[in-house]
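# A look at the structure
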Amino acid sequence: MAVEPFRDFRSAQGQVLNARLIGVKGDQIAIQTRDGKTHVLSVFILSLPDQIYVRQAAQRGDLMPKPTTPARPNTPVTPPGSNTPNPTTPAPNPAQPLAPVATGPATIDFTKHVLPIFKASCTECHKAPYEKNNRTIKPKAGLRLDSFEATMKGSTDGQVVKPGKPDDSILLELVALEPDDSDIMPPKGDPLTAEQIETIRKWIAEGARSSVTAAAPTGPVGQNPNEAGPKISPLDTLAATAKVRPLSPDAIAIASKNGAQVIPLAEKHPFVRMEFVSIAGSISDSEIGRIIPTIRFNLTQLDLSKTQVTNKGMLNVGKCRNLTHLNLRDTQIGDEGLAGLRNLENLWYLNLLNTKVTNRGLSTLAEIKSLQEVYLWQSDVTASGVQELRAALPNTKILF
Ligand code: HEC
């Protein structure tokens, strides 16, 4: 397969990045910008049309993981065109090897292995502000290294640790400088030992996780480091646990008769994505009601944005118990509609941008503990409502 051309990738939030797709692995993609730099990110950061583009390009290039391909920890993203994933296949630009995607089991635990190093050599200058002689002493460079969250938050200049990318992590760079370099950290006292530096390097390479059991934070490059990055999709777990039959030809026929486009998400499981992109404006509860019964267990991603669906239609959507992604952007959906979704226990991404949802509806969302990303811009919720939701779902990325 030819290398994918350069194009504008749009994030779900509307940011644009001109790049080309060079690899897909599970839910992670590698794209290359014109400066030759490679970025690995979660496909779900992308706008929905771009997610489809990626899925289709992946299928064209036979990039979807085969059931026979064992998941290999820390193998690079497979470049398009190579049918057998081969960790040594060079990236299109040999000077910029693909960053490995940290999906394997981690061995370095932040609290157990990394924090003690910081406490011994760093927190004297990089800890929470404190009072001394009636003066407030602030952490140097605004950087606190006394907890996982603070470390990931970074300094006044931004991230100091880039998960999965030790070579791009300034923290590692500074501790690994020559002892006589004036920028070395710590600036005085003994430099870190080679073993300590290796521990930090390995921790970052493994995805800079809070603990060995936590998922790697696979945040997009350049996003607000205060926000937790999108996490690993639950699809694989779902595929393993939910016994779902392949979608029947009847179901596909009914869906397409009612204007839906059904896109398989992978070869290895029967889950699909459904959307109405070009004719969304003419889709109402009745089409949804006709399609859902035959497809509901296979449906994991549903894009109803810009359709005419109403709160009542959400009762049908609420029956799709394997739904992980639901886009209701630019619809009339309000609090009553959300109430119909409360049993979706695999729901991971929910887009409510420009909907009629108010604070009352947020109490329904607070019950959906699986939620990892919720978009609430231009809805009728208020800051205090969002604050309560954040308290109820502390690990969820809530964009408001
Ligand atoms: C004696 C005080 C002191 C100690 C101990 C210390 N630092 Fe620093 N650190 C500083 C100062 C001061 C700066 C700001 C330097 C500058 O802006 O040029 C800084 C800056 C940094 C930065 C750069 C932040 C940025 O974004 O520019 C990092 C990363 C860092 N330190 C990590 C560490 C680590 C890791 C350790 C322990 C191994 C450590 N520091 C120990 C004083 C200290």
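Here, the structure is the one placed above.
Just so we're clear, the structure is a prediction, and the values are computed from it rather than from any experiment.

Right, let's get into the overall build of the protein chain. Counting secondary structure elements, the protein chain contains twelve helices and 13 strands. Sorting the 400 residues of the protein chain into buried and exposed places 48% on the buried side. The contacts in the protein chain between residues at least 6 apart in sequence include a share of 56% that link residues at least 24 apart. As presented, the protein chain carries roughly 19,300 Å² of accessible surface, and 52% of it is formed by carbon and sulfur atoms.

Moving on: the coordination of the iron atom of the ligand. The coordination sphere of the iron atom of the ligand contains the protein donors His126 (NE2) and Met185 (SD), at a distance range of 2.0 to 2.2 Å. A relative accessible area of 30% means that Met185 is categorised as partly exposed.

Think of two packed helices as two axes; the pair is described by the angle between the axes and how far apart they sit. Where helix 2 (residues 110–121) meets helix 5 (residues 194–205), the axes come as close as 10 Å, and the angle between the chain directions of the two elements is 130°. Comparing their axes, helix 5 and helix 2 come out oblique. The chirality of how helix 2 crosses helix 5 is left-handed. Of helix 5, the residues touching helix 2 (which contributes Phe110, His113, Val114, Ile117 and Phe118) are Gln196, Thr199, Ile200 and Trp203. Taken together, the residues that form the contact of helix 2 with helix 5 break down as six nonpolar, three polar and no charged.

Our focus in this paragraph is helix 12 (residues 383–392). Within the sequence span of helix 12, burial applies to Gly385, Val386 and Leu389. Along the axis of helix 12, the buried positions cluster into a sector of 95°, meaning they face one direction only. When the buried face of helix 12 is taken as reference, the exposed residues oriented beyond 90 degrees from it are Ala383, Gln387, Glu388 and Ala391.

The next thing to look at is the sheet that holds strand 3 (residues 28–33). Spatially, the four strands line up as an open sheet ordered 1-2-3-4, and their pairing is antiparallel. Looking at which strands have only one partner, the edges of the open sheet turn out to be strand 1 (7–10) and strand 4 (38–42). Averaged over all neighbouring strand pairs, the angle between strand axes comes to 55°, with direction disregarded. Across six bridges, strand 2 (residues 16–25) lies against strand 3 in antiparallel orientation. Note on strand 3: the bridge partner recorded for Leu21 is Ile31.

Our next topic: the sheet that holds strand 12 (residues 373–375). As summarised here, the arrangement of the seven strands in space is 7-8-9-10-11-12-13, forming an open sheet in which the pairing is mixed. Looking at which strands have only one partner, the edges of the open sheet turn out to be strand 7 (261–264) and strand 13 (397–399). Geometrically, the sheet is characterised by an average inter-axis angle of 10° between neighbouring strands, direction not taken into account. Both strand 9 (residues 299–303) and strand 10 (residues 325–327) contribute to a ladder of three bridges, which runs parallel. Paired with Leu302 across the strands is Leu326, a residue of strand 10.

On to the site of the ligand, then. The immediate surroundings of the ligand are formed by 19 residues, with Cys122, Cys125, His126, Ser155 and Met185 found nearest. One of the side-chain N or O atoms of His126 is found 2.8 Å from a nitrogen atom in the ligand. Among the elements that make up the shell around the ligand, the one with the highest residue count is helix 4 (residues 170–175) (three residues). Of the residues belonging to the shell around the ligand, the class tally is 13 nonpolar, three polar and three charged.

With that settled, the discussion passes to the packing of aromatic side chains. One pass over the full model with this rule turns up six aromatic pairs. Arranged with centres 5.3 Å apart and planes meeting at 45°, the rings of Phe110 and Trp203 form a pair that is tilted. Taken together, the residues Phe110 in helix 2 and Trp203 in helix 5 connect sequence positions 93 residues apart. Classification of Phe110 by relative accessible area gives buried; the value is 1%.

What counts, and at which threshold
- Residues numbered from 1 in each chain as written.
- Predicted model: local features only at pLDDT ≥ 70, side-chain atom pairs only at ≥ 80, totals over all residues.
- Heavy atoms only, no water.
- Helix = DSSP H or I, 4+ residues; strand = E, 2+ residues; numbered from the N terminus.
- Buried < 20%, exposed > 50% of the residue type's maximum accessible area, 1.4 Å probe, protein only.
- Contact = heavy atoms within 4.5 Å.
- Areas by Shrake-Rupley, 256 points an atom, 1.4 Å probe, with all protein chains shown as cover.
- Donors = N, O, S within 2.8 Å, 3.2 Å for Na, K, Ca; no water.
- Axes fitted to C-alpha atoms, helices over the stretch in contact; angles between N-to-C directions.
- Parallel < 35°, antiparallel > 145°, perpendicular 65-115°, else oblique.
- Left-handed = near helix turned anticlockwise from the far one by under 90°.
- Nonpolar A, V, L, I, M, F, W, Y, C, P; charged D, E, K, R; others polar.
- Arc of directions from axis to C-beta.
- Pairing = 2+ DSSP bridges.
- Near = heavy atom within 4 Å.
- Polar contact = N/O pair within 3.5 Å; in protein donor to acceptor, adjacent residues only side chain to side chain.
- Phe/Tyr/Trp six-rings, centres within 6.5 Å; stacked < 30°, edge-to-face > 60°.

Any functional reading would require information beyond the geometric quantities listed.
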